[in-house]
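# Chains, contacts and geometry: an overview
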Amino acid sequence: MGSNVAMVAGGLGLVIGGAMGTVFTGGASRAACVAGSALFHAGIKGSIKMHRDPDCSTEEFIKVLGVSALQGGVGGCIGLAVSAAMQGASAVGQLGLAALCGAGTTASGQAISDATDVLISEGALGEGLKTSVSDAKTRDEVLSLENAKKFATGIAIGAIVGVGVQGIALA
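Residues numbered from 1 in each chain as written. Predicted model: local features only at pLDDT ≥ 70, side-chain atom pairs only at ≥ 80, totals over all residues. Heavy atoms only, no water.

## Regarding the overall build of the protein
Across its full length, the protein carries 8 helices and 0 strands. Expressed along its principal axes, the backbone C-alpha trace of the protein runs to roughly 50 × 40 × 25 Å. As presented, the protein carries roughly 9300 Å² of accessible surface, and 71% of it is formed by carbon and sulfur atoms. (Helix = DSSP H or I, 4+ residues; strand = E, 2+ residues; numbered from the N terminus. Areas by Shrake-Rupley, 256 points an atom, 1.4 Å probe, with all protein chains shown as cover.)

Here's what the structure looks like:
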């Protein structure tokens, strides 16, 4: 659990430091925000995994950390790209971009998770990993109607949250 706390704290520090240094570094410090997003996301998901399944295998725990770090990094990149696009946009344009950011971040996160699960469940990443990771979804589960509904719901919620956060920022 200590490593998860360190990742959350370190990630939060990188995000805050990167954001605060943007003016002084001409935007270069925003890369720290992406790294911080990856660390923070991995720390949170790692903590959740340990709480829900304290007896999970090392491989399952490392899978959670790796997948969630990739999700956080990609989400951070999407956020940076959208924030750059928002410069000079109207309030309505900013709200639209925020919806796109929330939806894109959510969609990419689930796509990363689902793709990893299929690679593991089909043995593409090795038979040892296939047998050690018990919670990887199969190709049929990923391509199911239930998963598609979950994907669509996540995108809608992500868009709504994006608009809500940007609405608060514009207020």
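The discussion continues.
## As for the packing of helix 5 (residues 91–121) against helix 8 (residues 145–170)
Running from N to C, helix 5 and helix 8 point in directions that differ by 145 degrees, and their axes come no closer than 7 Å. Here helix 5 and helix 8 pass one another in a crossing that is right-handed. Every residue of helix 8 that contacts helix 5 at Ala-91, Gln-94, Leu-95, Ala-98, Ala-99, Gly-102, Ala-103, Thr-106, Ala-107, Gln-110, Ala-111 and Asp-114 is listed here: Asn-147, Lys-150, Phe-151, Gly-154, Ile-155, Gly-158, Ala-159, Gly-162, Val-163, Gln-166, Gly-167 and Leu-170. Taken together, the residues of the contact of helix 5 with helix 8 sort by class into 12 nonpolar, 10 polar and 2 charged. (Axes fitted to C-alpha atoms, helices over the stretch in contact; angles between N-to-C directions. Left-handed = near helix turned anticlockwise from the far one by under 90°. Contact = heavy atoms within 4.5 Å. Nonpolar A, V, L, I, M, F, W, Y, C, P; charged D, E, K, R; others polar.)

## Re the pattern of salt bridges
One pass over the structure, following the stated rule, counts 5 salt bridges. As a salt-bridge pair, Lys-49 and Asp-135 come within 3.0 Å of each other at their nearest N and O atoms. Within this pair, whereas Lys-49 is found in helix 3 (residues 30–52), its partner Asp-135 is found in the loop between helix 6 (127–132) and helix 7 (139–142), the two being separated by 86 residues in sequence. Measuring nitrogen to oxygen at the nearest pair gives 2.5 Å for the salt bridge that ties Asp-114 to Lys-137. Taken together, the residues span a long stretch of sequence, with Asp-114 in helix 5 and Lys-137 in the loop between helix 6 and helix 7 at a distance of 23 residues. Lys-137 carries the same exposure label as Asp-114, and that label is buried. Taken together, the shared-partner salt bridges connect Lys-49, Asp-53 and Asp-135 into one network. (Salt bridge = Lys/Arg side-chain N within 4 Å of Asp/Glu carboxyl O. Buried < 20%, exposed > 50% of the residue type's maximum accessible area, 1.4 Å probe, protein only.)

## Quick look at helix 8
Compared with an ideal rise of 1.5 Å per residue, which puts 26 residues at 38 Å, helix 8 spans 37 Å between its outermost C-alpha atoms and is within 8% of the ideal. Of all the positions in helix 8, only Asn-147, Gly-154, Gly-158, Ala-159, Gly-162 and Gln-166 are classed as buried. Lining the buried residues of helix 8 we find helix 4 (58–86), helix 5 and helix 7. (Expected span 1.5 Å × (residues − 1).)

## What about helix 1 (residues 2–20)?
Here helix 1 spans 27 Å end to end across 19 residues, near enough to the 27 Å set by a 1.5 Å rise per residue. Every buried residue of helix 1 is listed here: Asn-4, Met-7, Val-8, Gly-11 and Gly-18. The arc that holds the buried residues of helix 1, viewed along the axis, is 115 degrees, so those residues lie on one side. Those residues of helix 1 that are exposed and aimed more than 90 degrees away from the buried face are Gly-2, Val-5 and Met-20. Looking at the buried positions of helix 1, the neighbouring elements they touch are helix 2 (22–25), helix 3 and helix 4. (Arc of directions from axis to C-beta.)

## As for the confidence of the model for the protein
In this model, the protein carries an average pLDDT of 93, and 99% of its residues clear a pLDDT of 70 or more. Element-level mean pLDDT values for the protein span from 87 in helix 2 up to 97 in helix 7. (pLDDT = per-residue confidence, 0-100.)

## Considering the packing of helix 3 against helix 4
Contact pair helix 3 / helix 4: the axes reach a minimum separation of 7 Å and the direction vectors enclose 145 degrees. Crossing of helix 3 against helix 4: the hand is right-handed. Considered class by class, the residues forming the contact of helix 3 with helix 4 number 11 nonpolar, 9 polar and 4 charged.

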